[in-house]
Amino acid sequence: MKKLLLVVIALVSFVTCTYAASGVIKIGSLWPMTGPGAAWGLPFHNVIEWQADQINAAGGINVAGKYYQIEIIKEDSKYSPAVARKAAEKLIYQDGVKFILGPLGGGPLNAITPLLNQNKVINVVVVNAANAIGPDKPYGFRAFMGTGEIYVAFVEYFVESHGVKTIQLVDWDVESARAAANDFLYSCKALGITCPKPMLYPRDTKDFYPVMTKAIDKKPDMIIVGGAPALQALS
């Protein structure tokens, strides 16, 4: 999360003179705060608000000798593409933001990308799939490494250090996770190990005993479990 804030502050510092004549920088915080994904979205939003309070209390962001205060405007994407787009429209057209942190998930990101491009809104996302950034998202930045980089290093470590030969991926059935599953299979193939077809569970899953039982029955050396519903249920 600190990396996310560092990226944002760097970008704000770079373009502040253009967008903040009032002395206040408005930043949209667009995360799933209810529903699927809230287990991830709420911590991101909370730490963003906390860090903004710390910066403001210290006098704000100093750019070319002028200090700017940060105003965080919260919107709940509910991990829904349609809701995310409506929230982004409100942030851009009503609140006048030029920076949006979030959303979480490939579906919500793709839903708001046309708005970001049309209005030249700087966007920092937490979407690990490779297509989270690219030529079609010229104002987008990713705060973390993509799953293409993460899985290669992750799988290689367990293969070399623990002798793992088979890995079962269990993740939720959303666009970004499907893209990440492809990155996972590519990593397994590149490292010469067997990885069964990833198991993708419905996003509204609450009971994980059937899901995990099926994964265990495949007798892999290792199981990777992803997705916010699993985080909430298994924690």
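Each chain has its residues counted from 1, running along the sequence as written. At least 70 in pLDDT is required for a residue's local features to be given in this predicted model, at least 80 for side-chain atom pairs to be given and counted, and no such filter applies to totals for whole chains, interfaces and linings, which use all residues. Processing note: side-chain calculations cover all non-hydrogen atoms of the structure and skip hydrogens and water entirely.

A closer look at the sheet that holds strand 6 (residues 140-142)
Inference 1: Overall, mixed pairing links the six strands, which are arranged 2-3-1-4-5-6 in an open sheet. Two strands close off the open sheet at either side, each with one partner strand: strand 2 (61-63) and strand 6. Ignoring strand direction, the axes of neighbouring strands in this sheet form an average angle of 30 degrees.
Inference 2: Whether two residues touch is decided by their heavy atoms; if any such pair falls within 4.5 Å, the residues are in contact. What counts as an axis is a line fitted to C-alpha atoms, over the stretch in contact for a helix, and the angles between N-to-C directions run from 0 to 180 degrees. Every helix listed is a DSSP run of H or I at least four residues long, and every strand listed is a run of E at least two residues long, numbered separately from the N terminus. Most of the contacts of helix 2 (residues 38-57) go to strand 3 (residues 66-76), to which it runs at about 160 degrees, and overall it touches strand 1 (24-31), strand 2, strand 3, strand 4 (99-104) and strand 5 (122-126).
Inference 3: Packing of helix 3 (residues 81-94) onto the sheet brings it into contact with strand 1, strand 3 and strand 4, and relative to strand 3 it is tilted by some 150 degrees. One bridge is not enough; two strands pair if DSSP finds at least two bridges between them.

Remarks on the packing of aromatic side chains
Inference 1: Two rings belonging to Phe, Tyr or Trp (six-membered ring only in the last case) form a pair when the distance between their centres is within 6.5 Å. Interplanar angles under 30 degrees mark stacking, angles over 60 mark edge-to-face geometry, and anything in between is tilted. Counting across every chain of the model gives seven aromatic pairs.
Inference 2: Every member of this aromatic cluster is reached through a ring pair, and the members are Trp-40, Tyr-79 and Trp-172.

Points about the pattern of salt bridges
Inference 1: Salt bridge, as applied in this entry: a Lys or Arg side-chain nitrogen positioned within 4 Å of an Asp or Glu carboxyl oxygen. Here the structure, examined in full by the defined rule, presents six salt bridges.
Inference 2: Beyond isolated ion pairs, a larger network of salt bridges with shared partners links Glu-75, Lys-90 and Asp-95.

Side note on unusual backbone geometry
Inference 1: Pro-103 follows Gly-102 through a cis peptide bond whose omega is 10 degrees.
Inference 2: Counting through the fold element by element, Pro-103 comes out in strand 4.
Inference 3: Of note in this structure, Lys-78 is not a glycine but carries a positive phi near 55 degrees.
Inference 4: Of note in this structure, Lys-120 is not a glycine but carries a positive phi near 55 degrees.
Inference 5: Locating Lys-120 in the fold gives a position in the loop between helix 4 (106-119) and strand 5.

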